[in-house]
Amino acid sequence: MSQQKTILRALAGETLPTPPIWMMRQAGRYLPEYRATRAQAGDFLKLCYNPELAAEVTLQPIRRYGFDAAILFADILLVPQALGADLWFVTGEGPRLSTITSQADFDKLLGKDDIHKTLNPIYETVRILRGELPDETTLIGFAGMPWTVATYMIAGQGTKDQGPAHALKAENPAVFDALMDRLTEATIEYLSMQIDAGAEVVKLFDSWAGSLNSADFQKYAVEPARVITQALKKRHPGIPVIGFPREAGDGYIGFAKATGVDCVAIDNSVSPDWAAKHVQVDGCVQGNLASSHMVTGGQALVDETRKVVEAFKNGPHIFNLGHGITPDADPENVQLMIDTVRGG
């Protein structure tokens, strides 16, 4: 059955008459059923660490829309928490973490093999999902990439320009590089356990890759993606990997060849025509409808969806947004997008 799954066929390089479709953050606050389940859990972190409820919210958009893939419900900051960082969420403001800004801070972190005690509930969620998903639906696991996760750990929160991380990189490269190495090692272990539990694909989210200059992009985005991808493929031959170096611009070109990922996810800061010419030549591309269309809907949504499908029709393509769906999106617009992709 797995060889018939459309996502896996696209990741293997097959050009399909209708692209498979899923949506970043498809289990989330735009859905009333998600909000009800989150209220039941108590808060966001409790929801992440409750395997039954995390599996439930992962399944909700599959039941409602019939996406071709489900992505594990979790958060990229669970790995730093598993490494020993304090993590909490401030309502309306987002995550907060204890900071890593010195050797003494780094020395308090746990090793890569110590993360599983905290993360075992996530693996249980994956096992539940493999038992409950429809046979035709691919299960995607994921993790944040070291650079993106490090920006949160260094600043203690999200930042507009990732300034604190850039500063530490310049002023104390030994600590910065040690943190990147620890995160790279932990990410390999985390994703390997997700695969063992039943994930059929894994995705690497490097949400802040676009703030790295050319040399740093190679060192801190491309190289960790290569190391992680190759390690996972050595342990799990045949496992497909999707890489998402968001806002990489020209850095998207050659990313698949340089890292070994099977698919490059692209944001909507580049056009589908440009990506088809420069990125899809190396294999599967995922993307890249602007998530704002999930809010505004209408004929513009239909037209832009068709434009994306048309641009990528001559090669392997997974239809997705260029970034995650936002809480103010209209669920009816999601259905309109799916109907347009599947119905022309």
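Here the structure is a predicted model, which means the values were calculated and not measured.

Engineer: Would you mind showing me how to read the pattern of salt bridges here?
Structural biologist: It is possible for side chains bearing opposite charge to pair when their charged atoms get close. Applying the stated criterion to the full structure yields 15 salt bridges. A salt bridge links D113 to K112, with the nearest nitrogen and oxygen atoms 3.2 Å apart.

Engineer: What am I meant to see in the environment of T101 here?
Structural biologist: Looking at the element boundaries, T101 is found in the loop between β3 (94-97) and α6 (103-107). Sequence separation between T101 and A167 is 66 residues, and the spatial gap between their C-alpha atoms is 9.9 Å. In contact with T101, other than residues within four places in its own chain, are I154 and L168.

Engineer: Quick question: what am I supposed to make of the side chain of D75 here?
Structural biologist: Looking at the element boundaries, D75 is found in the loop between β1 (69-71) and α5 (78-82). Here D75 is buried and forms no salt bridge, its nearest opposite-charge partner R25 lying at an N-O distance of 7.7 Å. For D75, the side chain forms a polar contact with the main-chain nitrogen of L77, separated by 2.9 Å. Apart from the residues lying within four places of it in its own chain, the contact partners of D75 are F44, C48, F89 and F142.

Engineer: Can you help me understand the packing of helix α2 (residues 32-41) against helix α4 (residues 51-65) in this one?
Structural biologist: Working note: a packed helix pair is described by the angle between its axes plus the distance between those axes. Contact pair α2 / α4: the axes reach a minimum separation of 10 Å and the direction vectors enclose 170°. In terms of their interaxial angle, α2 and α4 are classed as roughly antiparallel. Across the interface between the two elements, P32, E33, Y34, T37, Q40 and A41 from α2 touch L53, E56, V57, Q60 and R64 from α4.

Engineer: Sorry if this is basic, but what is going on with helix α16 (residues 331-343) here?
Structural biologist: Think of an α-helix as turning once every 3.6 residues; residues three or four places apart then point the same way. With 13 residues, α16 should cover 18 Å at 1.5 Å per step; its first-to-last C-alpha distance of 18 Å lies within 8% of that length. Here the buried face of α16 lies against α4, β8 (284-289), α14 (293-296), α15 (298-311) and β9 (317-321). For α16, the side-chain oxygen to backbone nitrogen distance between the N-cap and E332 is 2.9 Å, and the N-cap itself is D330.

Engineer: Explain the sheet that holds β9 here, please?
Structural biologist: Strand-to-strand pairing in sheets goes through backbone hydrogen bonds, with the strands running parallel or antiparallel. With respect to topology, 7 strands assemble into an open sheet ordered β1-β4-β5-β6-β7-β8-β9, the strand pairing being parallel. With partners counted over all chains shown, the strands left at the sheet margins are β1 and β9, one partner each. Taken over all neighbouring pairs, the strand axes of this sheet differ in orientation by 25° on average, direction set aside. By the bridge criterion, 3 bridges tie strand β7 (residues 263-265) to β8 in an arrangement that is parallel. By the bridge assignment for β8, V264 is matched with V285.

Engineer: Explanation requested: the nonpolar core in the structure shown.
Structural biologist: Nonpolar side chains in soluble globular proteins tend to be buried together. Residues Y190, M294, V334 and M337 are the most contacted members of the largest nonpolar core, which totals 122 residues. Here this core takes 12 residues from helix α10 (residues 173-197), the largest share from any one element. The contact partners of M337, leaving out residues within four places of it in the chain, are I21, M23, L289, M294, L301, T305, F319 and L321.

Engineer: Quick question: what am I supposed to make of the side chain of N288 here?
Structural biologist: By secondary structure assignment, the location of N288 is in strand β8. Since its relative accessible area comes to 3%, N288 is described here as buried. At 3.0 Å, the side chain of N288 forms a polar contact with the backbone oxygen of V270. The residues contacting N288, other than those within four sequence positions of it, are I266, D267, N268, V270, S271, P272, V308, F312, N320, L321 and G322.

Engineer: So what exactly am I meant to see when it comes to unusual backbone geometry here?
Structural biologist: The general pattern is negative phi for most residues beyond glycine and trans for most peptide bonds. In this model, G287 is joined to N288 through a cis peptide bond whose omega is -15°. With a phi close to 60°, R25 is a non-glycine residue in the positive phi region. Counting through the fold element by element, R25 comes out in the loop between α1 (6-11) and α2. Not every positive phi belongs to a glycine, and Q162 is a case in point at roughly 55°.

Rules behind the numbers
Residues numbered from 1 in each chain as written. Predicted model: local features only at pLDDT ≥ 70, side-chain atom pairs only at ≥ 80, totals over all residues. Heavy atoms only, no water. Salt bridge = Lys/Arg side-chain N within 4 Å of Asp/Glu carboxyl O. Helix = DSSP H or I, 4+ residues; strand = E, 2+ residues; numbered from the N terminus. Contact = heavy atoms within 4.5 Å. Buried < 20%, exposed > 50% of the residue type's maximum accessible area, 1.4 Å probe, protein only. Lys, Arg positive; Asp, Glu negative; His and termini not counted. Polar contact = N/O pair within 3.5 Å; in protein donor to acceptor, adjacent residues only side chain to side chain. Axes fitted to C-alpha atoms, helices over the stretch in contact; angles between N-to-C directions. Parallel < 35°, antiparallel > 145°, perpendicular 65-115°, else oblique. Expected span 1.5 Å × (residues − 1). Pairing = 2+ DSSP bridges. Core = buried A, V, L, I, M, F, W, Y, C linked by side-chain atoms within 4.5 Å.

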